[in-house]
Amino acid sequence: MIDAILLTTVRVFTFSQGGALSNASGVLFERGERLFLVTSGHVLFDELSKHFPDRIEIELHIDAANLGASTSFSIPLYRGGERVWRLGQDAAGEVDVAAIEIDRSALPVHALYRAFSPRHLLRPSLPVEIGSSLLVVGYPLGFHDTLHHLPVVRQAVVASSFGLRFQGLGVFLTDARTHRGTSGAPVVMRVDDENGELDGLPWLLLGIHASRFDIGSRDLELDEALGLNCAWYADILMSLTAG
């Protein structure tokens, strides 16, 4: 028996013209019959670092009785020269969250995974307080359980007023130790699900981890890194997966 939260998050490998580029984290989100992979926008396209993959691969379990059995599932990022993924947008501009629809009919017959849904997004009846305990589920530096192909979690707390747009952007801050490879990881909070409304996945998806937060005035020799991170509010998924 494993916690279902570990099956919501997949390792994302990026490629360009057949060559491997990087790895990151991604989370599965379903809306009705449609299934999406959600990750950071800069995982799929980043002008600043000249990162331009043309396809990605995710790793999926294929045997509920043997978590050591897995397969790679390839997803092209462009078709006919046009991108097939969607990048988030809000009133302040680009949101560093991207979603790409997965053809469920193309998945392995016995693919084993769990997916968040709109029911797992924050509700007004469940306020999130400053300092609330969170988890970040992902693949820091690619590290994971290589035998069972499962991610690891880092503890975090809410480090800015939840619900406010930190510095005018659609993000909130978390206090957690994170690394490269965590981009695209879900930021979640456990909740009671006595009524079974969340289908055995008793977690709220609060955000998508994007990057560590730093300030340009920090003295790299005298000052330690802040240890704070940006997470984009997960409600962006409602517009990203609409239509």
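Provided above is the structure to which this section pertains.
Residues numbered from 1 in each chain as written. Predicted model: local features only at pLDDT ≥ 70, side-chain atom pairs only at ≥ 80, totals over all residues. Heavy atoms only, no water.

**Notes on the overall build of the protein chain**
Now for step 1: Across its full length, the protein chain holds two helices and 15 strands.
Now for step 2: Against the compact-globule benchmark of 18 Å for 243 residues, the protein chain has a radius of gyration of 17 Å, which places it among compact chains.
Now for step 3: Taken along its principal axes, the extent of the C-alpha atoms in the protein chain is 50 × 45 × 40 Å.
Now for step 4: Relative to its full complement of 243 residues, the protein chain shows a buried share of 47%.
Now for step 5: A separation threshold of at least 6 residues defines the contact pool for the protein chain, and within that pool the share at least 24 residues apart is 65%.
Now for step 6: Each charge class in the protein chain can be summarised by its mean position, and for the 19 positive and 29 negative side chains these summaries are 3 Å apart. (Helix = DSSP H or I, 4+ residues; strand = E, 2+ residues; numbered from the N terminus. Rg over C-alpha atoms; globule rule 2.2 N^0.38 Å. Buried < 20%, exposed > 50% of the residue type's maximum accessible area, 1.4 Å probe, protein only. Contact = heavy atoms within 4.5 Å. Lys, Arg positive; Asp, Glu negative; His and termini not counted. Charge placed at Lys NZ, Arg CZ, Asp CG, Glu CD.)

**Quick look at empty space enclosed by the protein**
Now for step 1: Following the criterion strictly, the structure yields one cavity of 30 Å³ or more and no others.
Now for step 2: Each pocket or cavity is described by its volume, and for the largest cavity that value is around 90 Å³.
Now for step 3: If you go around the largest cavity, you meet 13 residues; those closest to its centre are Thr9, Val10, Glu59, His61 and His149.
Now for step 4: Elements with a minimum of two residues in the lining of the largest cavity: strand 1 (9-16) and strand 4 (55-61).
Now for step 5: The element best represented in the lining of the largest cavity is strand 4, accounting for three residues.
Now for step 6: Among the residues making up the lining of the largest cavity, the classes are represented as eight nonpolar, four polar and one charged. (1 Å grid on protein atoms, 1.4 Å probe; cavity = no way out; pocket = protein on both sides within 12 Å on 5 of 7 lines; lining within 4 Å. Points joined across faces, edges and corners; volume = space filled by probe spheres on them. Nonpolar A, V, L, I, M, F, W, Y, C, P; charged D, E, K, R; others polar.)

**Describing the pairing of strand 15 (residues 228-233)**
Now for step 1: Buried residues dominate strand 15, accounting for five of its six residues.
Now for step 2: Looking at chain direction, strand 12 (residues 171-175) and strand 15 are connected through five bridges and run antiparallel. Looking at the pairing, Leu173 lines up with Cys230 of strand 15. (Pairing = 2+ DSSP bridges.)

**Re the sheet that holds strand 11 (residues 152-158)**
Now for step 1: Judged by pairing direction, the barrel is antiparallel, and its six strands sit side by side in the order 10-11-12-15-14-13 before closing back on the first. The average angle at which neighbouring strand axes cross in this sheet is 45°, direction not considered.
Now for step 2: One ladder, built from six bridges, connects strand 10 (residues 133-138) with strand 11; its direction is antiparallel. Counted as the bridge partner of Val137 is Val153 from strand 11. (Axes fitted to C-alpha atoms, helices over the stretch in contact; angles between N-to-C directions.)

**Digging into the layout of surface pockets**
Now for step 1: Counted as a void, the largest pocket has a volume near 430 Å³.
Now for step 2: Around the largest pocket sit 20 residues that line it, and Asn23, His42, Arg180, Gly181 and Ser183 are the ones nearest its centre.
Now for step 3: With four residues, strand 14 (residues 203-213) is the largest single contributor of residues to the lining of the largest pocket.
Now for step 4: Looking at the lining of the largest pocket residue by residue, the classes come out as four nonpolar, 13 polar and three charged.

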